[in-house]
Amino acid sequence: MTKKTDVTLNINGQTHNVSVEPRRTLADAIREDCGQTGTHIGCEHGVCGACTVLIEGVPARSCLMFAVQADGKAIRTVEGLAEGGKLHPLQQAFMDCHGLQCGFCTPGFLMLATGVLEREPDISDEDLVDVLSSNLCRCTGYQNIIKAVRMAAEQMRSS
């Protein structure tokens, strides 16, 4: 049995003090220890992007990180997008453009797009498509996902 380590995970502005084994992934800690189940676990190899969260504002695959690596850092998950009962522009655009499909990949796409658009609001369309190609949609709903992110990008730039 491995000795557990105490870590503080700051998820969506809320502090979670948890005790984890050193090799516990951040994705597992977020879901199982902190009860934030919006972050999905897909391939567990960092390929599909379903587990994407923002660490200090930068998209990261939470299945490839250990929880101890995120100790004390600001983590943002899909649960942290909506504010005051109002959907984030990306969430609304995914609904409006039918970018949800089965929804399994949606949290990862939302967090990837949020991280990119907040850091680089004037990203070129070509670069945006290139960034989004790093996440996988098993329903192959890429056209509607790209359409939704483009719509949200315009809304976020104008607000």
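Remember, predicted model here, so these are calculated numbers, not experimental data.

### A closer look at the environment of Leu-100
Then, in step 1: Assignment of secondary structure puts Leu-100 in the loop between α2 (89-96) and α3 (106-119).
Then, in step 2: Judged by relative accessible area, which is 35%, Leu-100 ranks as partly exposed.

### Examining the pairing of strand β1 (residues 5-11)
Side-chain positions along a regular strand alternate between the two faces of the sheet.
Then, in step 1: Direction of pairing for β1 relative to strand β2 (residues 14-20): antiparallel, over a ladder of seven bridges. Residue pairing across strands places Val-7 opposite Val-18, the latter belonging to β2.
Then, in step 2: Taking the residues that link successive antiparallel strands as the turn, the β1-β2 hairpin has two residues, and the phi of Asn-12 there is positive, at about 55°.
Then, in step 3: Relative to strand β5 (residues 74-76), β1 is paired through two bridges, and the arrangement is parallel.

### So, the domain arrangement of the chain
Then, in step 1: Splitting the chain by domain gives domain 1 (5-80) and domain 2 (89-158).
Then, in step 2: Computed over C-alpha atoms, the centres of domain 1 and domain 2 are 21 Å apart.
Then, in step 3: Across the boundary between the two partners, domain 1 contributes 19 residues, which contact 17 residues of domain 2.
Then, in step 4: The interface formed by domain 1 and domain 2 holds one salt bridge in total.
Then, in step 5: When the shortest N-O distance is used, the salt bridge between Glu-118 and Arg-76 registers 2.9 Å.
Then, in step 6: Our count for the contact surface shared by domain 1 and domain 2 stands at six residue pairs in polar contact (both at pLDDT 80 or more).
Then, in step 7: Looking at the side of domain 1 that touches domain 2, the elements with two or more residues in it are β3 (52-55) and β4 (58-61).
Then, in step 8: Classifying every residue of the side of domain 1 that touches domain 2 by side-chain character gives ten nonpolar, seven polar and two charged.

### Here's the deal with the packing of aromatic side chains
Then, in step 1: Counting across every chain of the model gives one aromatic pair.
Then, in step 2: With 6.5 Å between their ring centres and 75° between their planes, Phe-109 and Tyr-142 make a pair best called edge-to-face. One end of the pair, Phe-109, is in helix α3; the other, Tyr-142, is in helix α5 (residues 142-158), with 33 residues separating them in the sequence.
Then, in step 3: Judged by relative accessible area, which is 28%, Tyr-142 ranks as partly exposed.

### A look at the nonpolar core
Then, in step 1: Of all hydrophobic cores here, the largest spans 25 residues; its most connected members are Leu-90, Phe-94, Phe-109, Leu-117, Leu-132, Ile-145 and Val-149.
Then, in step 2: Secondary structure elements with two or more residues in this core: α2, α3, α4 (125-132) and α5.
Then, in step 3: By residue number, the principal contributor to this core is α3, which donates seven residues.
Then, in step 4: Contacts of Leu-132, omitting those with residues within four sequence positions, involve Phe-109, Leu-112, Ala-113, Ile-146 and Val-149.
Then, in step 5: Among the nonpolar cores identified, the runner-up in size contains 16 residues, and Leu-9, Leu-26, Ala-29 and Ile-75 belong to it.

About the criteria used
Residues numbered from 1 in each chain as written. Predicted model: local features only at pLDDT ≥ 70, side-chain atom pairs only at ≥ 80, totals over all residues. Heavy atoms only, no water. Helix = DSSP H or I, 4+ residues; strand = E, 2+ residues; numbered from the N terminus. Buried < 20%, exposed > 50% of the residue type's maximum accessible area, 1.4 Å probe, protein only. Pairing = 2+ DSSP bridges. Domains from an automatic or database assignment. Contact = heavy atoms within 4.5 Å. Salt bridge = Lys/Arg side-chain N within 4 Å of Asp/Glu carboxyl O. Polar contact = N/O pair within 3.5 Å; in protein donor to acceptor, adjacent residues only side chain to side chain. Nonpolar A, V, L, I, M, F, W, Y, C, P; charged D, E, K, R; others polar. Phe/Tyr/Trp six-rings, centres within 6.5 Å; stacked < 30°, edge-to-face > 60°. Core = buried A, V, L, I, M, F, W, Y, C linked by side-chain atoms within 4.5 Å.

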